[in-house]
Amino acid sequence: TISQAQENSFSISGQYRVRPELRHGYRTLATDSANAAFFIGQRARLIFDYKKDKITTKISIQDSRTWGDEEQKKDNAGLQVNELWLQLALSKEFALKMGRQELNYDDQRLLGNSDWGSTTISHDALLLKYENKEQQLQWHIGGAFNQSGEPLFGTNYPLKNYKVLGLAWLKKEINVKHSISAIAIANGLN
């Protein structure tokens with residue numbers, strides 16, 4: 001249930017992950033003369049979670065990089081905001097969530113954060129959430145509109161990302177071990 005938080009809370013957590021990779025034939029077949037690739041990637045996150053009354057918020061800042069991928073004396077930015085969102089409880093069962101957030105539904109095959117990668121997928125989105133614990137029913141509807149800057153005219157979007165995203169998700173718990181869910185995703189490209 002989305003009702004007011006039972007207790008107010010604030011927590012700070014972190015994550016540090018190092019992932020060495022040896023690639024020889026990843027994404028494409030290797031030729032006989034191709035040498036294997038080896039590198040070490042890392043991801044570090046600082047996460048702030050806050051709940052008070054009808055407000056829940058999360059800020060997750062991450063630094064993702066490959067060891068040695070920048071010149072030592074060159075100043076390249078590498079810090080990203082992975083999540084920065086605010087959720088406002090509108091009633092006992094309805095909430096509005098807005099900001100940069102991971103959208104993880106069901107087994108995350110269609111819509112997930114791809115947490116196995118160095119950088120996860122997050123969306124600048126708005127969600128209306130309905131959650132009824134007694135009926136064991138959840139329903140989310142939301143969307144996103146992307147723009148590569150703040151232009152004076154037009155909405156051309158040159159990035160390899162969706163321009164518009166719409167989603168609707170419904171999940172009904174049948175018993176402790178079973179549930180049924182449906183998801184509809186509209187992916188608009190420029």
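Before any of the text, the structure's been laid out above.
The residue count restarts for each chain, going from 1 along the sequence in the order it is written. Since the coordinates come from a predicted model, pLDDT governs what is reported: local features require at least 70, and pairs of side-chain atoms require 80 or more to be given and counted, while whole-chain, interface and lining totals use all residues. Each side-chain value is derived from all of the structure's non-hydrogen atoms; neither hydrogens nor water enter the calculation.

## Things to note about the overall build of the protein chain
- In this description a helix means any DSSP run of H or I spanning at least four residues, a strand means any run of E spanning at least two, and both kinds are numbered starting from the N terminus. A count of helical and extended segments in the protein chain gives zero helices and nine strands.
- Reading the secondary structure of the protein chain in the N-to-C direction produces β-β-β-β-β-β-β-β-β.
- Atoms counted for the radius of gyration: C-alpha only. Globule rule: 2.2 Å times residue count to the power 0.38. Against the 2.2 N^0.38 benchmark of 16 Å for 190 residues, the protein chain shows a C-alpha radius of gyration of 20 Å, more extended than a compact globule.
- Overall size of the protein chain, expressed as C-alpha extent along the three principal axes, is 60 × 50 × 35 Å.
- The rule is simple: take the accessible area with a 1.4 Å probe, protein chains only, and divide by the maximum for that residue type; under 20% is buried, over 50% is exposed, in between is partly exposed. Per-residue burial over the protein chain gives 25% buried out of 190 residues.
- Here the Shrake-Rupley method, with its probe set to 1.4 Å, supplies the accessible areas, and only the displayed protein chains count as covering residues. Entry remark: accessible area of the protein chain is about 13,200 Å², with carbon and sulfur atoms responsible for 55%.
- Charged residues are defined here as Lys and Arg on the positive side and Asp and Glu on the negative side; His and the ends of the chain fall outside this count. For the purpose of locating charges, the reference atoms are NZ of Lys, CZ of Arg, CG of Asp and CD of Glu. Taking the 24 positively charged and 21 negatively charged side chains of the protein chain as two groups, their mean positions are separated by 2 Å.

## Concerning the packing of aromatic side chains
- To pair, rings of Phe, Tyr and Trp, with the six-membered ring standing in for Trp, must have centres within 6.5 Å; the planes then decide the type, stacked if under 30 degrees apart, edge-to-face if over 60, and tilted in the middle. One pass over the structure, following the stated rule, counts four aromatic pairs.
- Measuring from centroid to centroid gives 6.5 Å for phenylalanine 10 and phenylalanine 48, while their planes differ by 25°, and the two rings are stacked. With a gap of 38 residues between them, phenylalanine 10 in strand β1 (residues 9-23) and phenylalanine 48 in strand β2 (residues 37-52) connect regions that are remote in the sequence.
- Both rings, one in phenylalanine 10 and one in tyrosine 50, keep their centres 6.5 Å apart while their planes meet at 65°; by these two values the pair is edge-to-face. A residue pair is termed long-range when its members are at least 10 positions apart, and phenylalanine 10 in strand β1 and tyrosine 50 in strand β2 qualify at 40 residues.
- Of the aromatic side chains, those joined through ring pairs into one cluster are Phe10, Phe48 and Tyr50.
- In this analysis the charged atom, NZ for Lys or CZ for Arg, is taken to sit over a ring once it is within 6 Å of the ring centre and within 35 degrees of the ring normal. A cation over an aromatic ring shows up here: lysine 97 above the ring of tryptophan 85, its NZ or CZ 4.1 Å from the ring centre.

## A closer look at the pairing of β2
- Strand pairing is assigned whenever DSSP identifies at least 2 bridges connecting the two strands. Pairing analysis gives 15 bridges linking β1 to β2, with the strands arranged antiparallel. The partner of glutamine 15 across the bridge, within β2, is arginine 45.
- The sheet contact formed by β2 and strand β3 (residues 55-66) spans 12 bridges and is antiparallel. For isoleucine 47, the partnering residue across the bridge sits in β3 and is serine 60.
- If you look at the hairpin formed by β2 and β3, you'll find two residues sitting between the two strands, and aspartate 53 has a positive phi there, around 50°.

## Concerning the pairing of strand β7 (residues 137-145)
- Relative to β7, strand β6 (residues 123-132) runs antiparallel, the two sharing seven bridges. Looking at β7, one finds that asparagine 132 is bridged to leucine 137.
- Between β6 and the antiparallel strand that follows it, β7, lie four residues; glutamine 136 among them carries a positive phi value of about 50°.
- Sheet topology note: the β7/strand β8 (residues 164-173) ladder contains nine bridges and is antiparallel. Across the sheet, residue glycine 142 finds its bridge partner in β8, namely leucine 167.

## Some details on unusual backbone geometry
- Backbone geometry places glutamine 108, a non-glycine residue, at a positive phi of 65°.
- Tracing the backbone through its elements, the reader meets glutamine 108 in the loop between β5 (94-101) and β6.
- On the basis of relative accessibility, which here comes to 37%, the residue glutamine 108 falls in the partly exposed class.
- Phi angles above zero are rare outside glycine, and serine 114 is one such case at about 50°.

## A word on the side chain of arginine 43
- Positionally, arginine 43 belongs in strand β2.
- Two N or O atoms count as a polar contact when they lie within 3.5 Å, although within protein this holds only if one can serve as hydrogen donor and the other as acceptor, and sequence-adjacent residues are included solely when both atoms are side-chain atoms. There is a polar contact of 3.0 Å between the side chain of arginine 43 and the side chain of aspartate 115.
- For arginine 43, the residues in contact, after removing those within four places along its chain, are Gln15, Tyr16, Arg17, Gln62, Asp63, Ser64, Asp115, Gly117, Ser118 and Thr120. Throughout, a residue-residue contact means that at least one pair of heavy atoms, one from each residue, lies within 4.5 Å.

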